[in-house]
Number of protein chains: 2
Amino acid sequence: MKLKDDRKVELIYQAALKLVARKGLAGITMGDISREAGIATGTLYVYFTGKDELINALFACSRANSVQVAFRGYDASQPFKPGFRTVWMNILRYKLQHFEEVVFLEQCFHSPYITAETREKARELATPFYDLIERGQQEQLIKQADTSLLLTFIMGALNELVKQTHYSNETLSKRKIDLTFELCWDALKA
Amino acid sequence: MKLKDDRKVELIYQAALKLVARKGLAGITMGDISREAGIATGTLYVYFTGKDELINALFACSRANSVQVAFRGYDASQPFKPGFRTVWMNILRYKLQHFEEVVFLEQCFHSPYITAETREKARELATPFYDLIERGQQEQLIKQADTSLLLTFIMGALNELVKQTHYSNETLSKRKIDLTFELCWDALKA
DNA sequence: CGTATAAATGAATAATTATTCGCTTACCTT
DNA sequence: AAGGTAAGCGAATAATTATTCATTTATACG
């Protein structure tokens, strides 16, 4: 018998991400996705039970990806600031390189597709970020404010920056990146 | 003869905003809007030529509203920091009170509904904000960085904060508001 | 008041889109 | 190499949703 092709799932995901970044979640059809992926519409239903499941799976996957990369190269034994910078940089780089995921996640958040369960799992993935900020607070380097507030502030700023960068299609220079880190750090530092 | 009823347009807008905040732009139908507004579906077509026009009009209106309020009480002759705080506070307050518009504008940005023209008009509305930041830079109070970068940073942070506040349905205490302003100011200040 | 005019209605229609299904093709197993 | 099983296909169908339209209702104006 013929087996399912994992690369095909990836193909479908890429097609969906591309279309959502271009047209928004509101303007995306199963036909569009299959055409963009270069497969038949019916094939989508071999891999997913329907549109809802496709979007939920892609949401979970995108979300997991973006978190997974964040702590690459982070070493808890090194001082806080450079460690924080490593994570911060990982996040920024990932978001810049995966702009489509940024848009997709944003659009999904208020959508009829994402189930409460999918949403809950996405939330849980954020705990390492909380831990990181709390470490900085324990070391008196970061403001003693609600952790969630600080995190929200930074992530919102980063996200918007990534979007803005994309629209103006410049590449963020090293100078600008350093500057932006400075903005973040100055905002957070005690 | 019977005249068009301006309050009805407002009713339609409110219904659409409410639904988009709840279900996203992807999950909203003309039937839903009319039901939520308490009018017949056909009546929507008395006021708008179709769904596209409705969404574009609401986008333009929402965007204009949020900008219009920002400079209320701002006096260019007073020192920069309190003036900036006034504007900042206006924006925050407006966004908190009009959460639905925040979500709607965000969802629209990547959607097939909004035309290039509508988008361009929205962009033009932002110039007073650029002017404000530039004033701060001239007075050496604000970092000498790309104005658009600074603005993007702040607006992204604020937006995310408003969303986060809404989801956790707490009311932002004065303490937290002051704290958040401090984050913004520390980020921007030279 | 009465009438003309346009708003308002909501069921009917048109258009779009998700999903199914009978068939073909590929490829794993033995 | 042959058979069997599931992937892959895309036209057909089902479901949903935008839009129209014949009719009713409200109201501005004479």
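Whatever comes next refers back to the structure up there.
Residues numbered from 1 in each chain as written. Chains lettered and ligands numbered in written order. Predicted model: local features only at pLDDT ≥ 70, side-chain atom pairs only at ≥ 80, totals over all residues. Heavy atoms only, no water.

With that settled, consider the environment of S111(B). With respect to the element layout, S111(B) can be found in the loop between α6 (99-109) and α7 (116-124). As for S111(B) and D52(B), which are separated by 59 residues in sequence, their C-alpha atoms are 11 Å apart. Setting aside residues no more than four positions away along its own chain, S111(B) makes contact with K23(A), G24(A), L25(B) and R119(B). From its side chain, S111(B) meets the backbone nitrogen of Y113(B) in a polar contact 3.1 Å long. (Helix = DSSP H or I, 4+ residues; strand = E, 2+ residues; numbered from the N terminus. Contact = heavy atoms within 4.5 Å. Polar contact = N/O pair within 3.5 Å; in protein donor to acceptor, adjacent residues only side chain to side chain.)

The next thing to look at is the interface of chain A and chain B. Each side of the interface is counted separately: chain A has 38 residues, and chain B has 38 residues. Buried area between chain A and chain B, summed over both chains or domains, comes out near 3,500 Å², and the portion from carbon and sulfur atoms is 69%. Summed over the shared surface of chain A and chain B, the result is 2 salt bridges. The interface formed by chain A and chain B includes 9 residue pairs in polar contact (both at pLDDT 80 or more). Sorting the residues of the side of chain A that touches chain B by element identifies α1 (6-23), α6 (99-109), α9 (147-167) and α10 (174-188) of chain A as the ones contributing at least two each. Per-element accounting of the side of chain A that touches chain B gives the leading share, 11 residues, to α9(A). Of the residues assigned to the side of chain A that touches chain B, the class counts are 20 nonpolar, 10 polar and 8 charged. (Buried area = accessible area lost by both parts, 1.4 Å probe. Salt bridge = Lys/Arg side-chain N within 4 Å of Asp/Glu carboxyl O. Nonpolar A, V, L, I, M, F, W, Y, C, P; charged D, E, K, R; others polar.)

Here the focus is the protein's contact with DNA strand C. Around DNA strand C lies a shell of 22 residues, among which M1(A), M30(A), K51(A), T43(B) and Y47(B) are the nearest. In DNA strand C, atoms within 4 Å of the protein come 76% from sugar and phosphate. Side-chain polar atom of T43(B) to a phosphate oxygen of DNA strand C: 2.6 Å apart, as the coordinates give it. Elements represented by at least two residues in the surface near DNA strand C include exactly α2 (30-37) and α3 (41-47) of chain A together with α3 (41-47) of chain B. A total of 4 residues in the surface near DNA strand C trace back to one element, the largest contributor, which is α3(B). Residues of the surface near DNA strand C, tallied by class, amount to 10 nonpolar, 7 polar and 5 charged. (Near = heavy atom within 4 Å.)

This brings us to unusual backbone geometry. Residue and element names in this part refer to chain A. Located in the positive-phi region is Q140, a residue other than glycine, with phi close to 65°. Its place among the elements puts Q140 in the loop between α8 (127-138) and α9. Look at Q140 and you get exposed, because its relative accessible area is 59%. (Buried < 20%, exposed > 50% of the residue type's maximum accessible area, 1.4 Å probe, protein only.)

Our focus in this paragraph is the relation of the copies chain A and chain B. When chain A is fitted onto chain B, the two copies agree to an RMSD of 0.0 Å after a turn of 180° and an axial shift of 0.0 Å. When the rotation and shift are considered jointly, the pair of chain copies conforms to a two-fold rotation axis. Counting the interface residues of chain A, we find that 100% of their copies in chain B are interface residues as well, pointing to one common contact surface. (Least-squares fit on C-alpha atoms with pLDDT ≥ 70 in both.)

What follows deals with the packing of aromatic side chains. Aromatic rings considered in pairs are described by the distance between their centres and by the relative angle of their planes. Residues and elements named next belong to chain A. All told, the structure shown has 23 aromatic pairs over all chains when counted by the stated rule. When the centroid spacing of 6.0 Å and the interplanar angle of 45° are considered together, the rings of F84 and F181 count as tilted. Of this pair, F84 sits in helix α5 (residues 80-97) while F181 sits in helix α10, and the two are 97 residues apart along the sequence. Residue classification places F84 among the buried positions, given a relative accessible area of 5%. Connected via pairs of aromatic rings, a cluster forms that spans F80, F84, W88, F181 and W185. The ring of Y47 is capped by K4, whose NZ or CZ atom sits 5.9 Å from the centre of that ring. Seen from the ring of F181, R85 lies directly overhead, with NZ or CZ sitting 4.6 Å from the centre. (Phe/Tyr/Trp six-rings, centres within 6.5 Å; stacked < 30°, edge-to-face > 60°. Lys NZ or Arg CZ within 6 Å of the ring centre and 35° of its normal.)

Neighbouring DNA strand D are 23 residues, the closest being K8(A), Y47(A), M1(B), M30(B) and K51(B). Sugar and phosphate atoms represent 75% of those atoms of DNA strand D found within 4 Å of the protein. Take K8(A): an N or O atom from its side chain is 2.8 Å from a phosphate oxygen of DNA strand D. One of the backbone N or O atoms of G42(A) is found 3.5 Å from a base nitrogen in DNA strand D.

Before going further, it helps to spend a moment on the environment of G73(A). All names here are of chain A. Assignment of secondary structure puts G73 in the loop between α4 (51-68) and α5. For G73, a relative accessible area of 62% corresponds to the exposed category. It is 26 Å that separates the C-alpha atoms of G73 and V103, two residues lying 30 residues apart in sequence. When sequence neighbours within four positions are dropped, the list of residues in contact with G73 reads Q78 and T86.

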